[in-house]
Amino acid sequence: GDVKVARATGPEVKFGVTDPISLGMPTEAELALDEQLHEEMNSDAPLETEEKMRFRAEVLIELKRICQQWVQEECISQGDEDLAQRANAKIFTFGSYRLGLI
């Protein structure tokens, strides 16, 4: 017959509404498949270099600064300097950048 080997479990966590399917730690076979998947993904869609990621972050910071300045200038042009001091602008990323894929 089949011999079942006890599988090590990780900590009890809940990230959503439902319970996790399994708390079992990955097996050696699953780790090997995971590595194979990472290699395949890297060959088809390599991740950005650290330099490109830093540049992208710098661009977002500059874009936020420009938007913030524009909001403040608009408030002042409408005669509300108090609002200009309190007003804020936010940049929201989405897609693959938001997911941390690029």
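What counts, and at which threshold
Residues numbered from 1 in each chain as written. Predicted model: local features only at pLDDT ≥ 70, side-chain atom pairs only at ≥ 80, totals over all residues. Heavy atoms only, no water. Helix = DSSP H or I, 4+ residues; strand = E, 2+ residues; numbered from the N terminus. Rg over C-alpha atoms; globule rule 2.2 N^0.38 Å. Buried < 20%, exposed > 50% of the residue type's maximum accessible area, 1.4 Å probe, protein only. Contact = heavy atoms within 4.5 Å. Areas by Shrake-Rupley, 256 points an atom, 1.4 Å probe, with all protein chains shown as cover. Lys, Arg positive; Asp, Glu negative; His and termini not counted. Charge placed at Lys NZ, Arg CZ, Asp CG, Glu CD. pLDDT = per-residue confidence, 0-100. Core = buried A, V, L, I, M, F, W, Y, C linked by side-chain atoms within 4.5 Å. Patch = residues over 30% accessible without salt bridge, like charges linked within 9 Å, V, L, I, M, F, W, Y side chains within 5 Å. Salt bridge = Lys/Arg side-chain N within 4 Å of Asp/Glu carboxyl O.

### A look at the overall build of the protein
For the protein, the helix and strand inventory stands at four helices and zero strands. Across the protein, helices and strands are ordered from the amino to the carboxyl terminus as α-α-α-α. Computed over C-alpha atoms, the radius of gyration of the protein comes to 24 Å, more than 25% over the 13 Å expected from 2.2 N^0.38 for 102 residues, which places it beyond the range of a compact globule. Along the first, second and third principal axes, the C-alpha atoms of the protein reach 85 × 35 × 15 Å. Each of the 102 residues in the protein was classed as buried or not, and the buried ones make up 7%. The long-range fraction of contacts in the protein, counting pairs at least 24 apart against all pairs at least 6 apart in sequence, stands at 31%. Total accessible area computed for the protein in this model is approximately 9400 Å², and 58% of it derives from carbon and sulfur atoms. The positive charge centre, built from 11 side chains, and the negative charge centre, built from 20, are 5 Å apart in the protein.

### Brief notes about the environment of Val 59
Position of Val 59 relative to the elements: it lies in helix 2 (residues 50–77). Given a relative accessible area of 40%, Val 59 falls into the partly exposed group. Distance in space between the C-alpha atoms of Val 59 and Ile 91 is 11 Å, their sequence separation being 32 residues.

### Quick word on the confidence of the model for the protein
Confidence in the prediction for the protein averages 85 pLDDT; 92% of positions are at 70 or higher. Within the protein, the lowest mean pLDDT, 74, falls on helix 4 (residues 95–98), and the highest, 92, falls on helix 2.

### Some thoughts on the nonpolar core
Counting residues in hydrophobic clusters, the biggest one holds five residues: Val 71, Cys 75, Ala 84, Ala 87 and Ala 89. Once residues lying within four places of it in the same chain are set aside, the contact partners of Val 71 are Ala 87, Asn 88 and Ala 89.

### Brief notes about a negative patch on the surface
A grouping of Asp 34, Glu 35, Glu 39, Glu 40 and Asp 44 is seen on the molecular surface, where their side chains present a negatively charged patch. Mapping Asp 34 onto the fold places it in helix 1 (residues 28–44).

### Quick notes on the side chain of Gln 68
Counting through the fold element by element, Gln 68 comes out in helix 2. On the accessibility criterion, Gln 68 (15% relative accessible area) is buried. Residues contacting Gln 68, with those up to four places away along its chain left out, are Ala 87, Asn 88 and Ala 89.

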